[in-house]
Amino acid sequence: MTTDAAVAGRVAKGGEFHAVGLVSTAHFVSHFHSLVLPPLFLLLRERWGVGFVELGFALTIGSIVSVATQMPMGWLADRFGPRRLLIAALCLGGFAIASIGLADSYAWLIAATALLGIANAIYHPADYAILSARVASSRIGRAFSVHTFAGMLGGAVAPAVMLVLATTMGVRTALVAAGLVGLMVALPVAWVRNLEAEPARNRGGGRHHAVENGQRRTVLTPALLALTVFFVLLSLSSSGITNFSVAALTSAYGLPFAAANLALSAYLTASAFGVLGGGFVADRTRRHGQVAAAGFAVNAVIILLIGTIGLPSLLLVAAMGIAGFLSGMIMPSRDMLVRAAAPAGGVGRAFGIVSIGLSTGGMIGPMLFGWIMDRGAPHWVFGASVVFMVLVVVFALISDMRSAGRRGARPTGPARPV
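For clarity, every value in this text was computed on a predicted model and none was experimentally measured.

Peer 1: Where do I start with the overall build of the chain in this structure?
Peer 2: Summing up its helical and strand segments, the chain has 14 helices and zero strands in all. Mapped in sequence order, the helices and strands of the chain form the string α-α-α-α-α-α-α-α-α-α-α-α-α-α. When each of the 418 residues of the chain is scored for burial, the buried share is 50%. Pairs at least 24 residues apart make up 84% of the contacts formed inside the chain by residues separated by at least 6 positions. In the structure as shown, the chain presents an accessible area of about 19000 Å², 68% of it carried by carbon and sulfur atoms.

Peer 1: What is the right way to look at the side chain of serine 30 in this model?
Peer 2: As for its placement among the helices and strands, serine 30 is situated in helix 1 (residues 2–34). There is a polar contact of 2.8 Å between the side chain of serine 30 and the backbone oxygen of histidine 27. Those residues in contact with serine 30 that sit more than four places away from it in its chain are Asn120 and Tyr123.

Peer 1: Looking at this model, I keep getting lost on the packing of helix 9 (residues 222–253) against helix 11 (residues 288–308). Mind explaining?
Peer 2: When two helices pack together, their arrangement is given by the angle between the helix axes and the distance between those axes. Here helix 9 crosses helix 11 at 20°, and the two axes come no closer than 11 Å. Here helix 11 runs roughly parallel to helix 9, going by the angle between their axes. Like other packed secondary-structure pairs, helix 9 and helix 11 cross with a definite hand, here left-handed. Residues Leu234, Ser237, Ile241, Leu249 and Tyr253 of helix 9 form the contact with helix 11, whose own contacting residues are Phe296, Ile303, Ile306, Gly307 and Thr308.

Peer 1: Honestly, the pattern of salt bridges in this entry has me stumped. Any pointers?
Peer 2: Pairs can form between side chains of opposite charge whenever their charged atoms are close. The tally for this structure, following the rule as stated, stands at one salt bridge. One salt bridge in this structure joins aspartate 104 and arginine 47, with 2.8 Å as the shortest N-O distance. One end of the pair, aspartate 104, is in the loop between helix 4 (82–103) and helix 5 (106–134); the other, arginine 47, is in helix 2 (residues 41–48), and 57 residues separate them in sequence. Assessed through its relative accessible area of 41%, arginine 47 is described here as partly exposed.

Peer 1: In this structure, what is going on with the nonpolar core? I would like to understand it.
Peer 2: Ranked by size, the top nonpolar core spans 81 residues in total, and within it Met162, Leu175 and Ile306 carry the most contacts. By residue number, the principal contributor to this core is helix 9, which donates 15 residues. Excluding anything up to four places from it in sequence, leucine 175 contacts Val36, Leu37, Leu40, Ile97, Ala98, Ile100, Gly101 and Met162.

Peer 1: Would you mind going over a nonpolar patch on the surface with me for this structure?
Peer 2: A cluster of nonpolar side chains, Val390, Val394, Ile398 and Met401, forms an exposed patch at the surface whose accessible area comes to about 340 Å². Note on placement: valine 394 falls in helix 14 (residues 379–409). Taking the relative accessible area as the measure of exposure, valine 394 reaches 40% and is therefore partly exposed.

Peer 1: Could you clarify how one ought to interpret the packing of aromatic side chains in this entry?
Peer 2: Within a pair of aromatic rings, the relevant descriptors are the distance that separates the centres and the angle that separates the planes. By the definition in use, this model includes five aromatic pairs. Between phenylalanine 52 and phenylalanine 244, the ring centres sit 6.1 Å apart and the planes meet at 80°, which makes this aromatic pair edge-to-face. Placement of the pair is phenylalanine 52 in helix 3 (residues 52–80) and phenylalanine 244 in helix 9, with a sequence separation of 192 residues. Each member of the pair, phenylalanine 52 together with phenylalanine 244, is buried. Ring geometry for phenylalanine 149 and phenylalanine 273: centres 5.2 Å apart, planes at 70°, overall edge-to-face. With a gap of 124 residues between them, phenylalanine 149 in helix 6 (residues 140–169) and phenylalanine 273 in helix 10 (residues 257–283) connect regions that are remote in the sequence. Classification of phenylalanine 149 by relative accessible area gives buried; the value is 17%. Aromatic rings pair up to connect Phe41, Phe52 and Phe244 into one cluster.

Definitions and cut-offs
Residues numbered from 1 in each chain as written. Predicted model: local features only at pLDDT ≥ 70, side-chain atom pairs only at ≥ 80, totals over all residues. Heavy atoms only, no water. Helix = DSSP H or I, 4+ residues; strand = E, 2+ residues; numbered from the N terminus. Buried < 20%, exposed > 50% of the residue type's maximum accessible area, 1.4 Å probe, protein only. Contact = heavy atoms within 4.5 Å. Areas by Shrake-Rupley, 256 points an atom, 1.4 Å probe, with all protein chains shown as cover. Polar contact = N/O pair within 3.5 Å; in protein donor to acceptor, adjacent residues only side chain to side chain. Axes fitted to C-alpha atoms, helices over the stretch in contact; angles between N-to-C directions. Parallel < 35°, antiparallel > 145°, perpendicular 65-115°, else oblique. Left-handed = near helix turned anticlockwise from the far one by under 90°. Salt bridge = Lys/Arg side-chain N within 4 Å of Asp/Glu carboxyl O. Core = buried A, V, L, I, M, F, W, Y, C linked by side-chain atoms within 4.5 Å. Patch = residues over 30% accessible without salt bridge, like charges linked within 9 Å, V, L, I, M, F, W, Y side chains within 5 Å. Phe/Tyr/Trp six-rings, centres within 6.5 Å; stacked < 30°, edge-to-face > 60°.

Structure (structure tokens):
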């Protein structure tokens, strides 16, 4: 019997690896598609005769659609199965990107980014539903970590990949090739039909839903609303770097297009590895606000130097890499702040609420930084980012003090019944 249990455990773990691998690959594609367009902004601006505001507006449309469809997609994932929706997201996102290259017009860019927004709204509900169903609770944290890392890695390689494709194949062919990646990944997801098996989802389900219903009115707390603003500032602090640093560096310092894209790739790649390192930091401290504040304070200094001093290419790439690592390192601590502020039984909904802040920043940021570029002030892409980083530091310290106050106010005797 022990041998049978061990064999069953190995089979189950093999299924987990399958699920984590496929879902993480899909998450890689979602972030890759999200950052296909910004590295091509300079080329698309000249090709279509539009400004940076217009290009930023297209990204904003995608963010608005994504926010508007997030909740319906979560319901559809539960109703029709997350695997089916994940296949649809990969196909729809791939079609949206490829169609931009085929249509080759700004008018279609608006429609395509709306389609891409729908696809992006599917990924997280479908991904987390599959992982929660297929991965044991003792390993779910590592599964989520790999999932997040894969997504960030997809965004990190996008600028370099699109630079190579655009310079060797042309902009239109590069976009079509990037779109086909989604269709290619959809095939193995469609082939593996057991992704929707639910061996553990219903365990203790009745009690879980009772807690959910009981806590429904306690999620919109002042602490979580403040953290939602905190997430808006987080999104704005990175939006300019992610979407407009290439254009700003080339315009402000005459940096070669290839060097600017390399710097952005260094930032995004280091950010992905920073997430992994930040997980160890978050496990060793309860002062998560101080970790976030310290990381962003140093980051603000680095970005300020980049925006005010014309760094040589190699030094710039190194500075962007350090900034990216620090921005990634604080993400686990950021999430721990939300977890600490969440009421009992409301962690999932708490993260849903604060994630609206990220999406809101995603809607405001491209337009704001596109307007800055069109005003001929590329240095202020970095300057405005520094302002938002300083505000993040302030909010992080406030959240940390509130969290410490809540810990200090807890009774030392037996816990009160919930």
